[in-house]
Amino acid sequence: MPALFTFLRNRFFGGFRDRAAIDRHQKAGLARLRRKIMPQSPFYASLADRPMADWPVMNKTLLMEHFTEINTRNLPREKALETALHAERSRNFSPMFGDVAVGLSTGTSGQRGLFLTDARERRLWTAVMLARFLPKPLWKRQRIAFFLRANNALYQELGNRLIEFRYYDLLKDFDSHVARLQAQNPTVLVAPAQALIELARRQAAGEIYLAPQRIISVAEVLSPEDAAKIQSAFGHQPDQVYQATEGVLGFTCKAGHLHLNERYLVVERDVIDPETGAFCPVITDFTHETLPILRYRLDDVLIPEAAPCPCGCASQRIARIEGRADDMLYWPKADGGRRLIFSDMIRQEIALLSVPVRDYRIVQYGQSELVIALDSIASERAAKELHSRLEALATRLDCLLPMLTFREGLPPDLGPKRRRIRALPENALSHDASAAATTDSEILRFPGAVHRALIA
Ligand SMILES: [Zn+2]
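Residues numbered from 1 in each chain as written. Predicted model: local features only at pLDDT ≥ 70, side-chain atom pairs only at ≥ 80, totals over all residues. Heavy atoms only, no water.

1. Re the coordination of the zinc ion
Ideal geometry at a metal gives 109.5 degrees between four tetrahedral donors and either 90 or 180 degrees between six octahedral ones. Put simply, the test is: A donor here means an N, O or S atom no more than 2.8 Å from the metal, or no more than 3.2 Å when the metal is Na, K or Ca. Since water is not included, a site may seem to lack partners. Any coordination sphere not matching a tetrahedral pattern (four donors, all angles between 85 and 135 degrees) or a square planar or octahedral pattern (four or six donors, opposite donors over 155 degrees apart, other angles between 65 and 115) is reported as irregular. Numbering goes from the N terminus for both helices and strands, where a helix is a DSSP run of H or I of at least four residues and a strand is a run of E of at least two. A 1.4 Å probe rolled over the protein chains alone gives each residue an accessible area, and that area as a share of the maximum for its type sets the label: buried under 20%, exposed over 50%, partly exposed in between.
For the zinc ion, the full set of protein donor atoms is Cys253 (SG), His259 (NE2), Cys309 (SG) and Cys311 (SG), at a range of 2.0 to 2.3 Å. Considering all 4 donor atoms around the zinc ion, the spread of angles at the metal, 106 to 114°, places the coordination shape in the tetrahedral class. For the zinc ion, the donor residues sit on a single chain with the sequence spacing C-x5-H-x49-C-x1-C. One end of the pair, His259, is in strand 10 (residues 258-260); the other, Cys311, is in the loop between strand 14 (300-305) and strand 15 (317-324), with 52 residues separating them in the sequence. With a relative accessible area of 32%, Cys311 lands in the partly exposed category.

2. Here we look at the environment of Thr72
Put simply, the rule is: The contact rule is simple, with two residues in contact once any of their heavy atoms fall within 4.5 Å. The definition of a polar contact used here is a pair of N or O atoms within 3.5 Å, where within protein one atom must be able to donate a hydrogen and the other to accept one, and adjacent residues in sequence count solely through side-chain atom pairs.
Looking at the secondary structure, you find Thr72 in the loop between helix 4 (67-70) and helix 5 (77-90). Note on Thr72: relative accessible area 10%, which makes it buried. Sequence separation between Thr72 and Thr290 is 218 residues, and the spatial gap between their C-alpha atoms is 5.3 Å. Those residues in contact with Thr72 that sit more than four places away from it in its chain are Ile37, Gln40, Ser41, Glu289, Thr290 and Pro292. From its side chain, Thr72 meets the backbone oxygen of Glu289 in a polar contact 2.7 Å long.

3. Looking at unusual backbone geometry
At Asn74, a residue that is not glycine, the phi angle is positive and equals roughly 55°. Judged by relative accessible area, which is 63%, Asn74 ranks as exposed. Of note in the backbone geometry, Arg295 takes a positive phi value of approximately 50° without being a glycine. The class for Arg295 is buried, based on a relative accessible area of 12%.

4. Some words on the nonpolar core
The criterion, for reference: Throughout, nonpolar core names a set of buried Ala, Val, Leu, Ile, Met, Phe, Trp, Tyr and Cys residues whose side chains join them through atoms within 4.5 Å.
Of all hydrophobic cores here, the largest spans 41 residues; its most connected members are Leu63, Leu114 and Ile283. Excluding residues that lie within four positions of it along the chain, Ile283 makes contacts with Glu246, Leu249, Leu265, Val266, Val267, Ile293, Leu294, Arg295, Tyr296 and Leu298. Core analysis: the second largest hydrophobic core is formed by 37 residues, Tyr330, Leu340, Leu393 and Phe446 among them.

5. A closer look at the sheet that holds strand 3 (residues 113-117)
Selection rule: Strand pairing is assigned whenever DSSP identifies at least 2 bridges connecting the two strands. To get an axis, a line is fitted to the C-alpha atoms, and for a helix only the part in contact is used. The angle between two axes follows their N-to-C directions and goes from 0 to 180 degrees.
Taken in spatial order, the 3 strands make up an open sheet running 1-2-3, and their pairing is antiparallel. Of all the strands in the sheet, just strand 1 (96-97) and strand 3 have a single pairing partner and so form its edges. Relative to strand 2 (residues 100-105), strand 1 is paired through 2 bridges, and the arrangement is antiparallel. Bridged to Phe97 within strand 2 is Val100. Each of strand 1, strand 2 and strand 3 is contacted by helix 5, which is oriented at about 75° to strand 2, the strand it contacts most.

Rendered as structure tokens:
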């Protein structure tokens, strides 16, 4: 697929008109995978003629375990890993075997993953990204600022006469980027949500003055709170690329809604909550030829949106990316069952408080205790009010509210990715560093209906 063709199609032609068109396209894509890609992979060769349901469901651990047999270039895992680690240590980002670039991902779970891309795959994604997000007019020179955790050959190819590309290493001190960024004055700003927030904060404080025409949030979930902060600092709503190491899963469209990237992926659903249809995506990617990604289950929980999009594209809409599967909150029900509680439900209750809350963190331990840290000018009042709101929410949802502990001030964020809501096992409370660091700040505690039920 020539890159120019990909660019033109993505830039000037709309998405699929209906589900039948998507099915036809994906059927052809799968046939091509079976014919051209799977036979080159020792792991998949014998599965090429079998129904898709017979292909094993992959995850990061399995993919790493069988890396040597899965990839189509006969690259041994140890060799790939060694090269990637060396490149990361030296901050020299051209770890290549011929035209194959080796990358290393950490992911939210901290487990390291290897990924491979060849020149064709990198050109394809470059073309798709540019087509989607390059501001008009196309002949005007654009200055793109990329904030990335590790450099990535995917993006390095972007530089040419029409595009100035600068790379900002997120592992370096943020202050060291500011002067260079101000001098570049990017027209397109591409960064993970956390870095966009930091830039928005500096812009709001008058430390920098940037005027990007497009802002693209990549690599981690962009919460509505963060999107609002970015929009208020820069005057533009950020676009979102929903991307995992394993593939580009979705983009926001012209109407600002997130769609699954069904032109390049088949997305099966592992439904975790039948009531809302919340699911973990199991992806089969047509574009990864070096390291095939077939029936790969991601830990993200997506909430589907049934309504058609005003943009006219029939690709599945996603109401939101709820978060990681093991960070879902479940509240117990009186009948012994449990109910999935969306972060959005809690977010809305916080937004409705009469006292403004600047930010919050929530950790649930097992199903019995919820610890809520509030950053507010009147934390105690906010805590009391939030307690009654959550009690009412639990009643509406027909479940039991866990014990609530409120803390004043936020614990430090652990790890590079901010998670406002986390779920940990019951016994984690005593070992949790972020909880221990803020024990002094406890302000209020409410025994929950769960405990009352236990006592009675
Ligand atoms: Zn749309």
